[in-house]
Structure formats: structure tokens, C-alpha cells
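If you want the building blocks of each chain, they are given just below.
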Number of protein chains: 2
Amino acid sequence: MQRVFEALASAPRRKILAYLAHAELNAGEIAARFEISKPAVSQHLSVLENAGLIVSEKRGQYVYYRLVPESLANTLNSYVQEVCPVSRPLKAESAAIAQRKVDTGSR
Amino acid sequence: MQRVFEALASAPRRKILAYLAHAELNAGEIAARFEISKPAVSQHLSVLENAGLIVSEKRGQYVYYRLVPESLANTLNSYVQEVCPVSRPLKAESAAIAQRKVDTGSR
DNA sequence: TAGGTATTTAATTTATTTCTTAAATACTGA
DNA sequence: TCAGTATTTAAGAAATAAATTAAATACCTA
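What you see is a predicted model, and the numbers here were worked out from it, not measured in a lab. (Residues numbered from 1 in each chain as written. Chains lettered and ligands numbered in written order. Predicted model: local features only at pLDDT ≥ 70, side-chain atom pairs only at ≥ 80, totals over all residues. Heavy atoms only, no water.)

Caption draft 1: Region of the structure containing the protein's contact with DNA strand C. Close to DNA strand C lie 19 residues, the nearest being A:Gly28, A:Ser42, A:Tyr65, B:Ser37 and B:His44. Near the protein, within 4 Å, the atoms of DNA strand C are sugar or phosphate in 73% of cases. Here A:Gln61 contributes a side-chain N or O atom positioned 3.1 Å from a base oxygen of DNA strand C. The backbone of A:Val63 places a nitrogen or oxygen atom 3.4 Å from a phosphate oxygen of DNA strand C. (Near = heavy atom within 4 Å. Polar contact = N/O pair within 3.5 Å; in protein donor to acceptor, adjacent residues only side chain to side chain.)

The following block contains the structure:
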């Protein structure tokens, strides 16, 4: 929880998540979309990975990153449910939808 | 958005939100729940207020704070919808529930 | 194996956050 | 008005986070 919110507090990191929401990308492809250095991007990637929001997979020379959407959705949804009474009715609904997604593997 | 995520990145600030989810409290009552100094708590309160997550109202000698639950729920829900395709079906549902709450003023 | 590319690690500097104490402001009630 | 309480503002110290450059690691291909 702490790590997730820390990870999300950074604009570049949220931008990385937004890219990965649309496609799996390797470290170089991600870095190319920023003006900061590659090591800086690499550090952002490890913050995101340590938070469990993304996962990496080395394939040959490249390291591919992809989003773990359930992780982000689960953390934020459950936080909202905890703090915002208004959202409590969403809880069962969210769980059901998330489960359906896991079952079918569909988007 | 940036301010909301920055606000949520701090454990003491999330703790403040959790307290305010249950009751309106004044600055002193909030500060009493922490080991840090009152000015430190006051600063956390202004970060939360600048993010639009809480509002304050001065009544006599005291400054009362309360949560703006729609603000937190709306920001996090819409962020989740943007980044996590899995959650998109929740959008209409969330809006409907939030609207119902606004209409009735109920929990 | 050698040279090149991709990525991360390490060391360091800079910037930002968070805390503390002291002082200012604002309200209350004698 | 004066003394006391509640809260915030201000200034500065300490801790964290984020960037950079240089070097290390790992993989690919000739």
C-alpha cells in the first residue's frame, strides 16, 4: 500500500503506467519517451516493480515490462472502499468484475 | 491529480483521511492522534486541503476538518479507469452510485 | 572471442519533503 | 483589555527522493 502510493506520486511513473496500459514495452522503448536519462527511467521502473504494479521479463537482449492491472485496480479500489463510504457498494461489483476478467483472460 | 497522489503518498496523511472518514474532527483532535508536533500535522492538513481531499471550517476557536469523499473516490476511480482496462465496466456504475449519494445525501 | 547494444548498478550531487522550535494570529471569557 | 487556548506561519535542520555520469553486467552476432 505504502509502496503503491509512493510509486503513484511521481508523474513520470504514472506516465510509464499509462504507456504500459496500452502495450508491453522494453526498457529502451520506455526511456525513449522521456527526456531524462536511461538510468533514471530504470530507477522509476524498479520503484514500480517493487510496488507490484508492473512486472519485467528478460527476452534476449531486452527487458520487457508490462502492467499488472489487477494490482493497481485492487489497491486503489480497496483503498477507496476503506476511506470513502460512498464507494462501499462498489466493492462486490468490483470483485465480481475482476474475477470474471481473471477467469476469461479477456479485456 | 498530481496533488492528490502526492497527498496520498504519506502514511500520516492517509491516517488523517481514515480518521476523517468516520468523523469530523478539529485540528487539535487530529494532532492528538499523532506523535509528531502540531505544526507538522497542520502542514499535512494543508497538503490534504490543497489536494481537495478535505475541507476546513473555522467555528469559534477551532478549525474543523472533514473529508470530501467524492473527491477521493472520483480521482482514484477515474485514474483506475484510465490505466486499468479491467476496471472500465465500473465507470458507469460508479457514476450512478456517486450520483445517488449526492441526490439523497445518504451513506 | 571480440565488439556492440541494452540495461542496471554505483557513487555522487541536487532538489524536495518533513520535521522541529519559535513566533504570529485569532478567538474566548474574565 | 488581558490571559489563555487553538491554530498556523516562518525559518531552518535533517531525512528522502531523484537526477546525473561512469562503470558493470548480460546478451547478441560476426
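Caption draft 2: Seen up close, the sheet that holds strand S1 (residues 25-26) of chain A. Residue and element names in this part refer to chain A. On the basis of which strands lie adjacent, the open sheet formed by three strands has the order S1-S3-S2 and antiparallel pairing. Both edges of this open sheet fall to S1 and strand S2 (54-59), since each of them pairs with a single strand only. Direction of pairing for S1 relative to strand S3 (residues 62-67): antiparallel, over a ladder of two bridges. Looking across to S3, one finds that Asn26 is bridged to Tyr64. Against the sheet, helix H2 (residues 11-22) engages S1, S2 and S3, with an angle of about 90° to S3. (Pairing = 2+ DSSP bridges. Helix = DSSP H or I, 4+ residues; strand = E, 2+ residues; numbered from the N terminus. Contact = heavy atoms within 4.5 Å. Axes fitted to C-alpha atoms, helices over the stretch in contact; angles between N-to-C directions.)

Caption draft 3: The arrangement of the protein's contact with DNA strand D in detail. DNA strand D sits among 20 residues. The nearest are A:Ser37, A:His44, B:Gly28, B:Ser42 and B:Tyr65. Near-protein atoms of DNA strand D (within 4 Å) split between backbone and bases, with sugar and phosphate holding 74%. At 3.4 Å from a phosphate oxygen of DNA strand D is found a side-chain nitrogen or oxygen belonging to A:Arg13. A distance of 2.6 Å is found between a phosphate oxygen of DNA strand D and a side-chain nitrogen or oxygen belonging to A:Ser37. When residues of the surface near DNA strand D are traced back to their parent elements, those giving at least two are helix H4 (38-50) of chain A together with helix H3 (27-31), helix H4 (38-50) and strand S3 (62-67) of chain B. Looking at the surface near DNA strand D element by element, the count peaks at four residues for H4(A).

Caption draft 4: Up close: the nonpolar core. In this structure, A:Leu17 and B:Leu17 are the most contacted members of the largest nonpolar core, which totals 54 residues. Residues contacting B:Leu17, with those up to four places away along its chain left out, are A:Tyr79, A:Val83, B:Leu8, B:Leu48, B:Leu53, B:Ile54, B:Leu67 and B:Leu72. (Core = buried A, V, L, I, M, F, W, Y, C linked by side-chain atoms within 4.5 Å. Buried < 20%, exposed > 50% of the residue type's maximum accessible area, 1.4 Å probe, protein only.)

Caption draft 5: The arrangement of helix H5 (residues 69-83) of chain A in detail. An ideal rise of 1.5 Å per residue puts 21 Å on 15 residues; H5(A) measures up with 21 Å between its terminal C-alpha atoms. All of the buried residues along H5(A) are A:Pro69, A:Ser71, A:Leu72, A:Ala73, A:Thr75, A:Leu76, A:Asn77, A:Tyr79, A:Val80, A:Gln81 and A:Val83. (Expected span 1.5 Å × (residues − 1).)

Caption draft 6: Molecular detail of the pairing of S3(A). Residue and element names in this part refer to chain A. Examined bridge by bridge, S2 and S3 share six bridges and lie antiparallel to one another. What sits directly across from Ser56, in S3, is Tyr65. Between S2 and S3, which pair antiparallel one after the other, the connecting turn spans two residues, and Gly60 there sits at a positive phi close to 65°.

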